[in-house]
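Observations on the model geometry
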Amino acid sequence: MPDTSSQSDAVKASLAGAVPPQPRVMGAVNWLGLWTLYKKEVRRFLKVSFQTVAAPVATTLLYMMVFSLAIGVTREAPGGFPFVVFLGPGLIMMGLLNNAFANSSSSLIVAKVQGNTVDFLMPPLSAGELAAAFIGGAITRGVLVAAASAAVIIPFASLPVAHFWAIAFFGVGAAAMLGMAGVIAGVWAEKFDHLAVITNFIIMPLTFLSGTFYSISILPEPFQTISHFNPFFYLIDGFRYGFIGYADGNIAIGVAVTLVMNAVLVVACYGVLRSGWRLRT
């Protein structure tokens, strides 16, 4: 027979020296939770990278091929650049804008439709940490699509780099802006049709009418002036300026518009996530 008394004494002795679990101290920011949610957002779109990265790049390549054949590679654009060189940055920015918006908005609407919002509402994550993770994932996807699009455009148009700071500032600023717009749209939308309305009737028209495929200097008045009220114009114009050193508008105004728009959207994202509007019901 085993000596149960000696085993019991050994268990008691081990328990006597055991330290009870201590409360976890996270500090002002839950870095582990923030990093985990960010990784989840990145892995979510990388898992279907053929759809989320390769498909937008293929669309950009088709646009470049069609415009190269229809207009020609030798036709000059404003600033004396070949048209395809002028067009390239606009196509890259278009892919960046669309995919940054799609990443954050689709993540939230899928979670709502499937009833998985509890996955990020129950953990000890503040509204600011939630916003940072969703926006960070959107920026990552937007920048990744932009980099891949630039790689496939180079054989058609050898893009120069006139001002790297402008490429970085307007690229990341645009991805952040549309990522935050996607967070707000994803919280507001109750089904995928609602997001389709925003994409088809707001995001796409603003992108196409912002000088992506043309210089707004060719527009007659009042359409040229109206274009300056489109925030996407400043994003594309500034991004193009970073490559070719030519801009239709004032770069300083573009920087200011980008900073102000992003500041407003940060406050709006924090507010809707903090309130739990359409997320906790």
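Residues numbered from 1 in each chain as written. Predicted model: local features only at pLDDT ≥ 70, side-chain atom pairs only at ≥ 80, totals over all residues. Heavy atoms only, no water.

So, on to the overall build of the protein chain. Looking only at helices and strands, the protein chain has 11 helices and zero strands in total. Classification of the 281 residues of the protein chain by burial places 43% in the buried group. Of the roughly 14,300 Å² of accessible surface on the protein chain, a fraction of 70% belongs to carbon and sulfur atoms. (Helix = DSSP H or I, 4+ residues; strand = E, 2+ residues; numbered from the N terminus. Buried < 20%, exposed > 50% of the residue type's maximum accessible area, 1.4 Å probe, protein only. Areas by Shrake-Rupley, 256 points an atom, 1.4 Å probe, with all protein chains shown as cover.)

Attention now goes to the nonpolar core. Counting residues in hydrophobic clusters, the biggest one holds 69 residues, and the most contacted among them are Met93, Leu178 and Leu273. Of all the secondary structure elements, the ones that give two or more residues to this core are helix H2 (31-46), helix H3 (49-71), helix H4 (83-114), helix H6 (127-153), helix H7 (164-188), helix H8 (192-208), helix H10 (231-244) and helix H11 (251-275). The element contributing the most residues to this core is H4, with 16 residues. With residues up to four places along the chain from it excluded, the contact list for Met93 reads Phe170, Gly171, Ala174, Leu235, Ile236 and Phe239. (Core = buried A, V, L, I, M, F, W, Y, C linked by side-chain atoms within 4.5 Å. Contact = heavy atoms within 4.5 Å.)

Attention now goes to the environment of Phe169. Tracing the backbone through its elements, the reader meets Phe169 in helix H7. Here Phe169 is in contact with Val255, Thr258 and Leu259, once residues within four sequence places are set aside.

Attention shifts here to the packing of aromatic side chains. Scanning the entire structure with this criterion turns up nine aromatic pairs. Here the aromatic rings of Phe120 and Phe134 are separated by 5.3 Å at their centres, their planes lie at 85°, and the arrangement is edge-to-face. One end of the pair, Phe120, is in helix H5 (residues 118-121); the other, Phe134, is in helix H6, and 14 residues separate them in sequence. Take Phe120 and Phe134: they sit in the same class, and that class is buried. An aromatic cluster is built from Tyr63, Phe67, Phe83, Phe208 and Phe213, whose rings are joined through pairwise contacts. Over the ring of Phe86 we find Arg240, and its NZ or CZ is 3.8 Å from the ring centre. (Phe/Tyr/Trp six-rings, centres within 6.5 Å; stacked < 30°, edge-to-face > 60°. Lys NZ or Arg CZ within 6 Å of the ring centre and 35° of its normal.)

Right, let's get into H4. For H4, with 32 residues, the first-to-last C-alpha span of 46 Å sits near the 46 Å given by 1.5 Å per residue. Counting buried positions along H4 gives 27 out of 32 residues, so the element sits mostly inside the fold. Trailing H4 by a residue or two, Gly115 shows a phi angle of about 75°, which is positive. (Expected span 1.5 Å × (residues − 1).)

The subject of this paragraph is the packing of H4 against H6. Packing of H4 against H6 brings their axes to within 8 Å, and their N-to-C directions diverge by 150°. Put simply, H4 runs roughly antiparallel to H6. Here the hand of the crossing between H4 and H6 comes out right-handed. Between H4 and H6, the contacting residues are Gly88, Leu91, Ile92, Gly95, Leu96, Asn99, Ala100, Ala102, Asn103, Ser104, Ser107 and Leu108 on the first element and Phe134, Gly137, Ala138, Arg141, Gly142, Val145, Ala146, Ser149, Ala150 and Ile153 on the second. A per-class count over the contact of H4 with H6 returns 12 nonpolar, nine polar and one charged. (Axes fitted to C-alpha atoms, helices over the stretch in contact; angles between N-to-C directions. Parallel < 35°, antiparallel > 145°, perpendicular 65-115°, else oblique. Left-handed = near helix turned anticlockwise from the far one by under 90°. Nonpolar A, V, L, I, M, F, W, Y, C, P; charged D, E, K, R; others polar.)

Note the cis peptide between Glu221 and Pro222, where omega equals 10°. Among the secondary structure elements, Pro222 is positioned in the loop between H8 and helix H9 (223-227). The backbone phi angle of Arg278 is positive, close to 60°, even though this residue is not glycine. Mapped onto the elements, Arg278 comes out in the segment after H11.

Along the chain, Ser106 turns up in helix H4. Within the structure, the side chain of Ser106 is placed 2.5 Å from the backbone oxygen of Ala102, a separation counted as a polar contact. (Polar contact = N/O pair within 3.5 Å; in protein donor to acceptor, adjacent residues only side chain to side chain.)

This part covers the pattern of salt bridges. Under the counting rule described, the total for this entry stands at two salt bridges. Measuring nitrogen to oxygen at the nearest pair gives 3.1 Å for the salt bridge that ties Lys40 to Glu41. Taking the relative accessible area as the measure of exposure, Lys40 reaches 37% and is therefore partly exposed. Looking at Glu41, the relative accessible area reads 0%, which means it is buried. We note a salt bridge from Arg278 to Glu190, for which the minimum N-O separation is 3.7 Å. Taken as a pair, Arg278 in the segment after H11 and Glu190 in the loop between H7 and H8 lie far apart in primary sequence, 88 residues in all. Judged by relative accessible area, which is 28%, Arg278 ranks as partly exposed. (Salt bridge = Lys/Arg side-chain N within 4 Å of Asp/Glu carboxyl O.)

Volume-wise, the largest pocket comes out at about 590 Å³. Taken together, 24 residues line the largest pocket, and the ones lying closest to its centre are Pro56, Asn98, Asn99, Ala102 and Arg141. Breaking the lining of the largest pocket down by element, the ones donating at least two residues are H2, H3, H4 and H8. No other element matches the nine residues that H4 contributes to the lining of the largest pocket. (1 Å grid on protein atoms, 1.4 Å probe; cavity = no way out; pocket = protein on both sides within 12 Å on 5 of 7 lines; lining within 4 Å. Points joined across faces, edges and corners; volume = space filled by probe spheres on them.)

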